[in-house]
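# Analysis of the macromolecular model
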Amino acid sequence: MASDDRPLVGVLMGSKSDWETMKHASETFARFGVAHECRVLSAHRTPAATVEYVRRAEERGIEVLIAAAGGAAHLAGVVAAHTVLPVLGVPMESASLKGLDSLLSTVQMPGGVPVGTLAIGKPGAINAALLAVAILAGPRPELREQLRRFREEQAAKVLAETLP
Ligand code: RP5
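This structure is a prediction, so every number in the text was calculated from the model and none was measured.

Neighbouring the ligand are G14, S15, S17, D18, H44, R45, A69 and G70. Between S15 and the ligand, the recorded distance is 2.6 Å, taken from a side-chain N or O atom to an oxygen atom. The separation between an oxygen atom of the ligand and a polar main-chain atom of G70 is 3.1 Å. Relative to its free-state accessible area of 360 Å², the ligand is covered by the protein chains to the extent of 67%. Grouping the amino acids of the shell around the ligand by side-chain chemistry returns one nonpolar, five polar and two charged.

Rendered as structure tokens:
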């Protein structure tokens, strides 16, 4: 899968200020060759454009949506409200509450409209991409194989660690 193919994943973030964190999701997709697009769309600053994007995502071939936001982070919930595609939420680390605000407002979805919430910040961005790859890997054995190799390489790196 080349990354200039039709995007399979939409990575949304509430502000350009989230990119420093969310670029790690994009880099992870690039490593797996997963076609994706990254967009700044906000639940409160651009509500109509956000809903328009999400409503069109499925017909455009998008299979997974990632939504990253900080503070009163309602982006992932709003995205999930407008699609049945899987939505993964990444809470951004915020200045005042270190991302606890973002985490709680992303993870605490009432029953009925799920958001799969990852960790705060960079680990969440990386894991959202890895989880999206695992979702996409269902009907794509070559992607599953790549995931297996990634885990093996990770394990080999840890086992090769030496301490002073
Ligand atoms: C949220 O508010 C964004 O997702 C971002 O994490 C946070 C701060 O946004 P800026 O004020 O930096 O644009 O909507």
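Attention now goes to the packing of aromatic side chains. Aromatic rings in a pair are described by how distant their centres are and how their planes are angled relative to each other. The final tally for this structure, using the stated rule, is one aromatic pair. A centroid spacing of 5.6 Å and a plane angle of 55° characterise the contact between F32 and F150, whose relative ring orientation is tilted. Separated by 118 residues along the polypeptide, F32 in helix α1 (residues 19–32) and F150 in helix α6 (residues 141–159) bring together distant segments of the chain. For F150, a relative accessible area of 12% translates into the label buried.

Moving on to the nonpolar core. Ranked by internal contacts, the top residues of the largest apolar core, which has 27 residues, are V9, M22, F29, V34 and I66. Tallying contributions element by element places helix α5 (residues 122–136) first for this core, with seven residues. Of all hydrophobic cores here, the second largest spans 18 residues; its members include L12, A73, A76 and V115.

Think of an α-helix as turning once every 3.6 residues; residues three or four places apart then point the same way. Within the span of helix α2 (residues 47–57), buried status applies to T50, V51, Y53, V54 and A57. Projected down its long axis, α2 shows its buried positions confined to an angular sector of 160°, all on one face. Exposed and oriented more than 90 degrees from the buried face of α2 are A48 and R55. Check the buried side of α2 and you find it contacts β1 (9–13), β2 (36–40), β3 (64–69) and α3 (75–81).

Attention shifts here to the sheet that holds strand β5 (residues 116–117). Here five strands make up an open sheet; going across it, the order is β2-β1-β3-β4-β5 and the pairing parallel. Each having just a single partner strand, β2 and β5 make up the two edges of the open sheet. Alignment of β1 against β3, held across five bridges, turns out to be parallel. Pairing of V11 across the sheet is with I66, part of β3. Packed on one face of the sheet, helix α4 (residues 100–107) meets β3, β4 (87–91) and β5 and runs near 160° to β4.

Reading the values: rules and limits
- Residues numbered from 1 in each chain as written.
- Predicted model: local features only at pLDDT ≥ 70, side-chain atom pairs only at ≥ 80, totals over all residues.
- Heavy atoms only, no water.
- Near = heavy atom within 4 Å.
- Polar contact = N/O pair within 3.5 Å; in protein donor to acceptor, adjacent residues only side chain to side chain.
- Areas by Shrake-Rupley, 256 points an atom, 1.4 Å probe, with all protein chains shown as cover.
- Nonpolar A, V, L, I, M, F, W, Y, C, P; charged D, E, K, R; others polar.
- Phe/Tyr/Trp six-rings, centres within 6.5 Å; stacked < 30°, edge-to-face > 60°.
- Helix = DSSP H or I, 4+ residues; strand = E, 2+ residues; numbered from the N terminus.
- Buried < 20%, exposed > 50% of the residue type's maximum accessible area, 1.4 Å probe, protein only.
- Core = buried A, V, L, I, M, F, W, Y, C linked by side-chain atoms within 4.5 Å.
- Arc of directions from axis to C-beta.
- Contact = heavy atoms within 4.5 Å.
- Pairing = 2+ DSSP bridges.
- Axes fitted to C-alpha atoms, helices over the stretch in contact; angles between N-to-C directions.

Fair warning: the whole summary comes from geometry, so function is off the table for now.
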